[in-house]
Every structure is written in structure tokens, then in C-alpha cells.
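# Topology and contacts: notes
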Amino acid sequence: MNTVRTRFAPSPTGYMHVGNLRTALYGYLIAKHSGGKFILRVEDTDQARYVEGATDAIYRALADCGIVPDEGPNEGGDFGPYIQSERKELYKEYAEKLIELGGAYRDGDVIRQKISSDGETTFSDLVFGGITVPNSSPSMDEGVLLKSDGLPTYNLANVVDDHLMGITHVVRGSEYISSTPKYAMLYQKLGWEMPANITVPLIMRDQTHKLSKRAGDATYEDLISEGYLPEAIINYVALLGWNPSGEYAEQEFFTLDTLIKVFEISGISKSPAIFDKAKLKYFNACYIRRLPPKRFEALAEPWITKVLGSKVSADAKTKIAALLQPRIETLADIDTDKIGFFAEIRDYDTELFVNKKNKLDEAGALSILVKLYSMLTEFSDWDTLGEFLTNYAEANDIRVGKLYWTLRVALSGQAVTPGGPADIAAILGKEETLNRIDAAIGVLGE
């Protein structure tokens, strides 16, 4: 079979963690770069750890990221079934055959792999090169191949399925490198050609701890719930253990289509990669900035609605989204602290009006607001409010910064807001703007 065929074979034991996502991505890129096929196979033989809905979560994560299988449980194909528990009889057949060939033996109600302690086993890896392990090594234990319930362990199932499904390249994390010699033995005993091994480095939380969902590190779903975009996650994950070369060597930002074009196995590193949340946030912020405004508005709308509910109009939400796009790093930044004041202004201390840089105190703020309220009451062209405020400051010999600071606090009850006071007033509308200025005058007057 000349066509490159890779596979992603997750266990439905929970949500997709970052290491699994990278394995899927690299397998997909290797296949598509060569015009090959990417297969999804669900390895559900560990029934004790099976989590209901996990397979659907895997599909959702892959679809979000644009990683579309050519064959799989939902897609079908010529090499199915693509769920291991539906292939039970196949594994029993090959376990029995291994016994006949001297590669396995019965041990009570299970079948174990038979490994002689003499000699050594060598296999080739496209990243780490040739690897040789003494057969007497502790890692070369005679593990179970077929369990008492008739289901295989991973060691048997992955070998049988990869062969029968015509898999040509297998992407695995480096934690499997100690088990691969045992897979190589099974291939030899069965007289099959072993697929090309591509071992990818560990993803670490820091210099000494590897990333692990059991240790509470973020899954793909966690990152989405924290407001990261799928395209930013994919871009960052691609660079965790792989470096582009040639004209792309200095490039950081890649679409999935570009990754397909430039991804080479030779760029995969042997060294562990550190998952840096700050770097992911940087990528995400850049992706948010680059989104078409309508696309960002659609993504931001549920987050804005979560904070503001129906207290502001759809038009106001559109304007709020426009203010937020250049000012946030993740969608989760759209919270009550950032935009809650659009719905309801919280109590604030009048000391907030004090600004030493602009030589502003509470009495000065009160004076500005009293005059401004009077002027705005007569002002009708609300769409040109920004221009009006600039002209007003010049005409009344008030520093623009002093005027803007005073009005910002009066309208929001905050020192920092997305957008300036003219933007905020445009969203609040004339009536609410005047009400808030009047309330601030009352508070300052006391």
C-alpha cells in the first residue's frame, strides 16, 4: 500500500488533553502533507475506565480544530469496524496464532506475550533513529495480550489493528518508547511489516513535571471554556515539539492549510516541550485581533450576554464587541469587571475621581460634570460626541485627559474601561449618560 495512512487512536476515558490533540494533529498533518488518509480508531478495550460521551467529545474537539478523519466510526471505511470492542473476535484469533508461533502462551484465563530474556530487540524511529533494548530489560515483561473477558490489551490491539487497517506511520508519545520493542516482537512473530514509528517528545508543565490531565492540567475543553480559540490552540500545539524550516523557519503563525503544506517529520524535536500558558495567550490575543469583526462579534456574543443578559440591546452588544476586540486576550476576559457597568454601575468611592497626573481632585471633577451636564442636555447629535468633547475641552481650557478621566469614572464607576468615555456614552445613550452624570454630581456634591 503506497498511500500514507496514519491513525489517531484515543481511549474514550475522558476529555481530549493537549498531548492527545498534538498526536492527532501530527498524524493528520503527516497524512495530508503526503496526500494520504487519516483514520480515527476508538480504543475502548479498557471498559473499567470508559466514560460515557467521551467519544462524542473527541469528535467535537477534532471538528473544532478542522481535523477531519477520512475513516472512522462515523465516517465508515473499508477497514472497519473502527471501534475496538466491535473487533473482539479478531484479537482472539491472532492471540491464538501467536501461541502457535511461539510468541505467546496461556497463563490461566489470560494470554501473555512470550519474551526470551536472551538477545536484544531493535526498531527504527523516524525521530530518534535506531533504538535497541536488551530483552532482559525490566520493560520487556511478559505482559497480558488477551484478558479474561476476551478483550485485548493495548499491546495486542494496536499491532493487529494497525496491520489490518494498513497503517503506514504511527505517531506516539515518547512514554511509549519503552513498549515499542514488544510491539516489534509481535510484528516479527506474525510476519508483518512494522509501520514507521514517529515518536514525539513529552509536553511538560515545567522543567520537571510533564503535562497530565490526572494532575489537573488543562484539557482541550478546559482551554475552550477559558476563552481560547481552536485555531490559536492548534497553531500553538503544532509548535510544541516541531520547528518549521526553510522560508518558514522564523514564522510563528500558521493556518491548518499552511501546516499541511510545510509540516515535515524532520522538524520534530527529540527534546521535551514546555506548555507555556502565557505564550498560548499571546497567540490567542493575536488571533482575536485578526478575526473579521462579524466573526468576533458572533464569538463574543454569548460571553457578553452571560454578563449583561437582556439589559442592553443587540445594537449595544455589537458596539461593545467592537470595543473589546482589540483589548482582550481571551474570550473569558469578557467578564463583569470589564463590561458589567454597561448594565449597572456599581457604588464607587469619589476618590476615584482624583488623578494626580491630570491635577484633578473631587472639587474639580464636580465642576467639570456640572458644566458638562448642562451642555450635554442641549446636545443632540450623539454620534459626534467624541468630537464635541474634544472641542468642549479646548473651548473651556480643560485638559482632554482631565475631562475624559472625569467622564469615564462618572459613566462606569471604574478607572479602566474598554473604550473611552465617548464610546461608552454612545452605547449607553443620551438618557442613561445624563442620568449617570447627574448621579455622580449628587455623590460628589455630598
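A brief report on the enclosed structure follows.

Scoring rules and cut-offs
- Residues numbered from 1 in each chain as written.
- Predicted model: local features only at pLDDT ≥ 70, side-chain atom pairs only at ≥ 80, totals over all residues.
- Heavy atoms only, no water.
- Helix = DSSP H or I, 4+ residues; strand = E, 2+ residues; numbered from the N terminus.
- Expected span 1.5 Å × (residues − 1).
- Buried < 20%, exposed > 50% of the residue type's maximum accessible area, 1.4 Å probe, protein only.
- Axes fitted to C-alpha atoms, helices over the stretch in contact; angles between N-to-C directions.
- Parallel < 35°, antiparallel > 145°, perpendicular 65-115°, else oblique.
- Contact = heavy atoms within 4.5 Å.
- Nonpolar A, V, L, I, M, F, W, Y, C, P; charged D, E, K, R; others polar.
- Pairing = 2+ DSSP bridges.
- Patch = residues over 30% accessible without salt bridge, like charges linked within 9 Å, V, L, I, M, F, W, Y side chains within 5 Å.
- Areas by Shrake-Rupley, 256 points an atom, 1.4 Å probe, with all protein chains shown as cover.
- Salt bridge = Lys/Arg side-chain N within 4 Å of Asp/Glu carboxyl O.
- Lys, Arg positive; Asp, Glu negative; His and termini not counted.
- Charge placed at Lys NZ, Arg CZ, Asp CG, Glu CD.
- Phe/Tyr/Trp six-rings, centres within 6.5 Å; stacked < 30°, edge-to-face > 60°.
- Lys NZ or Arg CZ within 6 Å of the ring centre and 35° of its normal.
- Right-handed = clockwise from strand over helix to strand, strands pointing away.

### Describing helix α1 (residues 18-33)
Here α1 is 16 residues long and its end C-alpha atoms lie 22 Å apart, about the 22 Å a rise of 1.5 Å per residue gives. Most of α1 sits inside the fold, with 13 of its 16 residues counted as buried. Among the residues trailing α1, Gly35 stands out with phi positive, at a value near 70°.

### Side note on the packing of helix α15 (residues 400-412) against helix α17 (residues 430-445)
Two numbers describe how α15 lies on α17: the axes approach to 8 Å, and their chain directions differ by 100°. Classified by the interaxial angle, the pair formed by α15 and α17 is roughly perpendicular. Residues Leu407, Ala410 and Leu411 of α15 form the contact with α17, whose participating residues are Thr433, Arg436, Ile437 and Ala440. For the contact of α15 with α17, a count of residues per class yields five nonpolar, one polar and one charged.

### Observations regarding the pairing of strand β8 (residues 169-173)
The side chains of a regular strand alternate, residue by residue, between the two faces of the sheet. With five of five residues buried, β8 lies mostly within the body of the structure. Neither face of β8 is open: one carries His169, Val171 and Gly173, the other Val170 and Arg172, and all of them are buried. Direction of pairing for β8 relative to strand β9 (residues 196-200): parallel, over a ladder of five bridges. Directly across from Val170, in β9, lies its bridge partner Asn197.

### Here we look at a negative patch on the surface
On the surface, Asp349, Glu351, Asp361 and Glu362 cluster together into a negatively charged patch. Overall, the relative accessible area of 43% leaves Asp361 in the partly exposed class.

### Some details on the packing of aromatic side chains
Enumeration over the complete set of coordinates arrives at 19 aromatic pairs. Judged by centre distance (5.5 Å) and plane angle (40°), the ring pair of Tyr154 and Tyr176 falls under tilted. Separated by 22 residues along the polypeptide, Tyr154 in helix α4 (residues 154-164) and Tyr176 in the loop between β8 and α5 (180-190) bring together distant segments of the chain. Ring pairs connect the aromatic residues Tyr236, Phe253, Phe275, Tyr282, Phe283 and Tyr287, which therefore count as one cluster. Over the ring of Phe253 we find Arg290; its NZ or CZ atom is 4.2 Å from the centre of that ring.

### Considering the environment of Phe341
In this structure, Phe341 sits in the loop between α12 (336-339) and α13 (362-378). In sequence terms Phe341 and Pro421 are 80 residues apart; their C-alpha atoms lie 12 Å from each other. Dropping the residues within four chain positions of it, Phe341 is found in contact with Thr336, Leu411, Ser412, Gln414, Thr417, Pro418, Ile424 and Arg436.

### Some points on the pattern of salt bridges
According to the stated counting rule, one finds 16 salt bridges in the structure shown. Among the salt bridges present, the one from Lys294 reaches Glu297, with a minimum N-O distance of 3.7 Å. Taken together, the residues span about one helical turn, with Lys294 and Glu297 both in helix α10 (residues 293-308) at a distance of three residues. Residue Glu432 pairs with Arg436 through a salt bridge whose shortest N-O separation is 2.7 Å. Placement of both Glu432 and Arg436 in helix α17 is noted, with a separation of four residues, approximately one turn of the helix. One salt-bridge network, held together by shared partners, links Arg7, Arg41, Glu43, Arg87, Asp161 and Asp162.

### Some details on the packing of helix α3 (residues 88-101) against α4
Helix packing geometry: the angle between the two helix axes and the distance between the axes. Their axes nearest at 10 Å, the elements α3 and α4 cross at an angle of 105°. With respect to their mutual orientation, α3 and α4 come out roughly perpendicular. Contact residues: Leu90, Tyr91, Tyr94, Ala95 and Leu98 in α3; Leu156, Ala157, Val160, Asp161 and Leu164 in α4. In terms of residue class, the contact of α3 with α4 is built from nine nonpolar, no polar and one charged.

### Re the pairing of strand β2 (residues 37-40)
Here four bridges tie strand β1 (residues 5-8) to β2, and the two strands are oriented parallel to one another. Paired with Arg7 across the two strands is Ile39, which belongs to β2. Where the polypeptide runs from β1 across α1 and back to β2, its parallel neighbour, the crossover connection is right-handed.

By themselves, these figures tell us nothing about what the structure is for.
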